[in-house]
Amino acid sequence: MTTMSLALTDSATMLRRNLLHARRYPSLTFGVIIMPIVLLSVFNFVFGGALEKSSGGNYIDYLAPGMLLMIPAYITASVAVSIATDTTKGIVNRFRVMAIAPSSFLTGHVIGALIQAMLGVVAMVGFAVLIGFRPSANAVEWIAAFVLLALLTFALIWLSVGMGLVASSPESASNMPFPLIMLPFLGSGLVATDTMPVGMRQFAEYQPFTPITETVRGLLMGTEIGNNGIISVAWCIGLALVGYLWSSSVFRKQTR
C-alpha cells in the first residue's frame, strides 16, 4: 500500500473511533444538537413577539437561518474537550509508538465532528420547519447553504483542535471556545445590525458570523446577499487555514 492509502486507512480507523466515542458518550453530542434547538425555541417563543418588528416579517423565518450557525459554534467545545482528553490522558503517546499515520489522529476528530455538526444542522432545520419556518429555497440554494455551513464548521473545528492541543486539561479546553460560541449572538442572527448601538453595530458588521448569516438567510429566504457570499467564503477559508496551520504546528511539536 502507498503512503497515501495507508494514511486514508488510518484516518478511517480514527474516524470510526471518534464516532464510537460519540455514541458511548452522548452528552457532548446531545449538547451540540439540543442546546441550539433549545435556544431557537427560547428566542422564537419567548422573545419572538417583541422582536417581530425588527425582523420585518415572521420572526422564525428571520431567526432560523442565523441560529443554524449555532451548530458550528457549539461543536467547537466538544472538539476541544475531546482533543484535550486524548492528549492529557496519554492516548497520543500510545499512537506515537504504533504504525499509524500521525495526521490520522487529527483527521479522525475533524471529520467525525463535521459529521455530527451537519446532522445537527439537519435536525435544527427539521425542528424549525415544525414550528413555522418556511424557507423559499430551491434545491441548488439548499445545497449552497449546507456547503457554506459545512465550510464554516470545518474552519471552526480546526480552530478548536488547536485549542484542545494547547489546553492543559479538558476542563480548560471547554472554556477556550467561549468567544466563538458567543459570536453568533453578536451578529445579525437574532436582530438586524441597524437596530444596535453604533459600537456594537460596527463590531457585528465586521465579525465573520454576520456575512455568513446573511448569506445563509439569502439562500434560504431569498433576501439580498450582495457581496456577503464572497466575504463569507473568504472568512471560512482564512479561518480554516489559520486553524489547520496552528493545529498542525502544535501537534508536530507534541509528537516529536
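The rules we used
- Position numbers for residues count from 1 along each chain, tracking the sequence in the order it is written.
- For this predicted model, a pLDDT threshold of at least 70 governs which residues receive local features, and a threshold of 80 or more governs which side-chain atom pairs are given and counted, while totals over whole chains, interfaces and linings are taken from all residues.
- Just so you know, side-chain values use all the structure's heavy atoms and leave hydrogens and water out.
- To qualify as a helix, a DSSP run of H or I must reach at least 4 residues; to qualify as a strand, a run of E must reach at least 2; elements of each kind are numbered from the N terminus.
- Here the Shrake-Rupley method, with its probe set to 1.4 Å, supplies the accessible areas, and only the displayed protein chains count as covering residues.
- For our purposes a nonpolar core is just a set of buried Ala, Val, Leu, Ile, Met, Phe, Trp, Tyr and Cys residues, chained together by side-chain atoms within 4.5 Å.
- Each residue is placed in one exposure class: buried if its accessible area under a 1.4 Å probe, protein chains only, is under 20% of its type's maximum, exposed if it is over 50%, and partly exposed if it falls in between.
- In what follows, residue pairs with any heavy atoms lying within 4.5 Å of each other are defined as contacts.
- In this scheme, patches are assembled from residues that exceed 30% relative accessible area and form no salt bridge. Like charges are connected within 9 Å, while nonpolar side chains (Val, Leu, Ile, Met, Phe, Trp, Tyr) are connected within 5 Å.
- Salt bridges are counted wherever a side-chain nitrogen of Lys or Arg sits within 4 Å of a carboxyl oxygen of Asp or Glu.
- Note on geometry: axes are lines fitted to C-alpha atoms, helical ones only across the stretch in contact, with angles between N-to-C directions running from 0 to 180 degrees.
- Any angle that is under 35 degrees is reported as roughly parallel, and any over 145 degrees as roughly antiparallel; angles of 65 to 115 degrees are reported as roughly perpendicular and all others as oblique.
- Crossing handedness is read from the near helix: turned anticlockwise from the far helix by less than a right angle, it gives a left-handed crossing, and turned clockwise, a right-handed one.
- For this classification, the nonpolar set comprises Ala, Val, Leu, Ile, Met, Phe, Trp, Tyr, Cys and Pro, the charged set comprises Asp, Glu, Lys and Arg, and every other residue, Gly included, is treated as polar.
- Stacked, edge-to-face and tilted are the three classes for Phe, Tyr and Trp ring pairs, Trp counted by its six-membered ring, which pair at centre distances within 6.5 Å; planes under 30 degrees apart are stacked, over 60 edge-to-face, the rest tilted.
- A ring is considered to have a charge above it if a Lys NZ or an Arg CZ atom is located within 6 Å of its centre and within 35 degrees of its normal.

**Focus: the overall build of the chain**
Within the chain, the regular secondary structure consists of 13 helices and zero strands. Ordering the α and β elements of the chain from the N terminus gives α-α-α-α-α-α-α-α-α-α-α-α-α. Only carbon and sulfur atoms are counted for the fraction: they give 69% of the accessible area of the chain, which is about 12,300 Å².

**Quick look at the nonpolar core**
Soluble globular proteins tend to pack their nonpolar side chains together in the buried interior. The biggest cluster of nonpolar side chains holds 66 residues, and the ones touching the most others in it are Met67, Leu68, Leu106, Val161, Val216 and Leu220. The set of elements that each furnish at least two residues to this core consists of α2 (26–45), α4 (59–67), α5 (70–88), α7 (103–130), α8 (139–166), α10 (178–182), α12 (209–221) and α13 (228–254). If one sorts the elements of this core by residue count, α8 sits on top with twelve residues. Not counting the four nearest positions on each side in its chain, Leu220 is found in contact with Leu68, Phe133, Pro135, Ser136, Ala137, Trp142 and Ala145.

**Re a nonpolar patch on the surface**
Where nonpolar side chains cluster on the molecular surface, the patch consists of Ile34, Met35, Val38, Val42, Phe45, Val46 and Phe47 and spans about 580 Å² of accessible area. With respect to the secondary-structure elements, Ile34 resides in helix α2. Judged by relative accessible area, Ile34 falls into the partly exposed class, the value being 30%.

**Remarks on α4**
Burial analysis of α4 places nine of its nine residues in the buried class, the great majority of the element. Every buried residue of α4 is accounted for by Tyr59, Ile60, Asp61, Tyr62, Leu63, Ala64, Pro65, Gly66 and Met67.

**Structural notes on the pattern of salt bridges**
Under the defined criterion, the tally for this structure stands at one salt bridge. Its salt-bridge partner being Glu214, residue Arg217 comes within 2.8 Å of it at the nearest N-O pair. Here Glu214 and Arg217 lie together in helix α12, a separation of three residues that amounts to about one turn. By relative accessible area, Arg217 is classed as buried at 3%.

**Some thoughts on the packing of α8 against α13**
Taken N-terminus to C-terminus, the directions of α8 and α13 make an angle of 25°; their axes are 8 Å apart at the nearest point. Taken together, α8 and α13 sit at an angle that is classed as roughly parallel. Classified by chirality, the crossing of α13 by α8 is left-handed. Of the residues in the contact of α8 with α13, the class split is 21 nonpolar, five polar and no charged.

**A look at the packing of α12 against α13**
Relative to each other, α12 and α13 sit at 130°, their axes nearing to 8 Å. With respect to each other, α12 and α13 are oriented oblique. In this structure, α12 crosses over α13, and the sense of that crossing is left-handed. The residues of α13 that touch α12, namely those facing Pro211, Ile212, Glu214 and Thr215, are Asn228, Gly229, Ile231, Ser232, Trp235 and Cys236. Of the residues in the contact of α12 with α13, the class split is five nonpolar, four polar and one charged.

**Brief notes about the packing of aromatic side chains**
Within this structure, the stated rule accounts for five aromatic pairs. On the numbers, 6.0 Å between centres and 35° between planes, the contact of Trp142 with Phe146 is tilted. You can see Trp142 and its partner Phe146 sitting in helix α8, four residues apart, about one turn around the helix. Among the residues examined, Trp142 registers a relative accessible area of 22% and is labelled partly exposed. Of note, Arg217 hangs over the ring of Tyr62, and the distance from its end group to the ring centre comes to 3.7 Å.

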